[in-house]
Amino acid sequence: MAVIKLDSVTKQYALGNTLVKALNDVSFAAHAGDFIALSGPSGSGKSTALNLIGCIDAPTSGQVEINGIITGSMSEVEITRLRHQKLGFIFQSFNLIPVLNVRENIEFPLLLDSSKHNPYANWAPAEQQDWINHLIEQVGLADRRINRPNELSGGQRQRVAIARALVTKPSIVLADEPTANLDSKTGAQIIALMHQMNQELGTTFVFSTHDPRVVEIADHVVKLQDGTIIDEYFQNGKSATG
Ligand code: ADP
Ligand code: ADP
C-alpha cells in the first residue's frame, strides 16, 4: 500500500504580484519501507513537497494522501495527531534543544502533549526507557548520552535528531536536506545510518538532497527541476513494488 501519495499536486506561492509554481502537477507514491530521495537543485521544489507531505502546508490543487487518507479532508486535530503519531522530522540545522542532553533531546517528543496525542503514553515506563536506550545505541551515541548538543560534532547532532525522529515509532520520517550542514563524508554516513534504521524498523524515509553522493544511497529517487518531476527511478536492487 502507498503510505504517501501525491496526485497531480500543484503548489503556487504569491511573490509580490507574480505567482511562483513551486510544484507543478507532481505525482508520485512511496510504499511502506521505502527509502526515497527527492533530489534536485536549490529551488526545484523539494522543501515544498516535504512540507505538503508533513502537513505544514496545503496544496493549491491536487491531493496528498498519507496512509490512504487525503490530508485536505482532515481537521486540525486530526492533522496534529497525524504529525505527532505517524510522522518524524529531521532538519538540516538539527533543531536540538541546547539545554537538554542527548538522552533528554531524544526523549522529548514522548513528553509532548502526551496525554492527548501520544499513543505510547501507556507504555510501561521501563519499556519506554529500553526503547530510548536501544535508539541511543543504534545511532552510536552510547558514550554521549549526558552531553549537550554544543559538545557534539555536526554528525553526532544529526544522529541525535535521527533517534528523536524515531522515538515515537512513526511510520514515516521526513528529512529536509539532513546533510546540508555536514561535510560530504559525514553526510553520507548520516544517510547510511538512516538507511540502516529504515531496514531495521521498516520506517519509510523521505529525504531531500542536492548531493549526488547522498542520492546514490537511496532506493527510490524522484528528481525535481523547476517544480516538475524530470526523472524517477529505483536502484540498489529495489523496484516499484519494493
Ligand atoms: P528546494 O527545497 O528544492 O530548494 P523550494 O521548495 O524551497 O525548493 O522552492 C521552490 C520554489 O518555490 C522556489 O522558486 C522558491 O523561491 C519558491 N518558494 C518556496 N517557498 C515560498 C514561499 N513561502 N513564498 C514564495 N515562494 C516560495
Ligand atoms: P564525527 O565525524 O563522528 O561527526 P568529529 O570527527 O567531527 O565527529 O568529532 C570528533 C569528536 O570531537 C566528537 O566525539 C566530538 O565530541 C568532538 N567535537 C567535534 N566537534 C565539536 C564541537 N564543535 N564542539 C565540541 N566538541 C566537538
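Provided above is the structure to which this section pertains.
All values reported here derive from a predicted model rather than from experimental measurement. (Residues numbered from 1 in each chain as written. Chains lettered and ligands numbered in written order. Predicted model: local features only at pLDDT ≥ 70, side-chain atom pairs only at ≥ 80, totals over all residues. Heavy atoms only, no water.)

Quick look at the packing of helix 6 (residues 154-166) against helix 7 (residues 184-201)
Working step 1: With their axes 10 Å apart at the nearest point, helix 6 and helix 7 run at an angle of 20° to one another. Accordingly, the angle class assigned to the pair helix 6 and helix 7 is roughly parallel. Our pair here, helix 6 against helix 7, has a crossing hand that is right-handed. Contact residues: Gly155, Gln158, Arg159, Ile162 and Leu166 in helix 6; Thr186, Gln189, Ile190, Leu193, Met194, Met197 and Leu201 in helix 7.
Working step 2: Looking at the contact of helix 6 with helix 7 residue by residue, the classes come out as seven nonpolar, four polar and one charged. (Axes fitted to C-alpha atoms, helices over the stretch in contact; angles between N-to-C directions. Helix = DSSP H or I, 4+ residues; strand = E, 2+ residues; numbered from the N terminus. Parallel < 35°, antiparallel > 145°, perpendicular 65-115°, else oblique. Left-handed = near helix turned anticlockwise from the far one by under 90°. Contact = heavy atoms within 4.5 Å. Nonpolar A, V, L, I, M, F, W, Y, C, P; charged D, E, K, R; others polar.)

Looking at the nonpolar core
Working step 1: Membership of the largest hydrophobic core comes to 39 residues, with the highest contact counts inside it found for Ile90, Ile106, Ile162, Met194 and Phe207.
Working step 2: Only strand 3 (35-39), helix 3 (102-111), helix 5 (125-138), helix 6, strand 7 (172-175), helix 7, strand 8 (204-209) and helix 8 (212-215) provide two or more residues apiece to this core.
Working step 3: Residues Ile36, Leu52, Ile79 and Leu87 belong to the second largest nonpolar core, which totals 27 residues. (Core = buried A, V, L, I, M, F, W, Y, C linked by side-chain atoms within 4.5 Å. Buried < 20%, exposed > 50% of the residue type's maximum accessible area, 1.4 Å probe, protein only.)

A look at the packing of aromatic side chains
Working step 1: Summed over the entire model, instances satisfying the criterion amount to three aromatic pairs.
Working step 2: With 5.9 Å between their ring centres and 55° between their planes, Phe35 and Phe205 make a pair best called tilted. Separated by 170 residues along the polypeptide, Phe35 in strand 3 and Phe205 in strand 8 bring together distant segments of the chain. Both residues of the pair, Phe35 and Phe205, belong to the buried class.
Working step 3: Each residue in the set Phe35, Phe205 and Phe207 is aromatic and connected to the rest through ring pairs, giving one cluster.
Working step 4: Lying over the aromatic face of Trp131, Lys169 brings its terminal NZ or CZ to 4.6 Å of the ring centre. (Phe/Tyr/Trp six-rings, centres within 6.5 Å; stacked < 30°, edge-to-face > 60°. Lys NZ or Arg CZ within 6 Å of the ring centre and 35° of its normal.)

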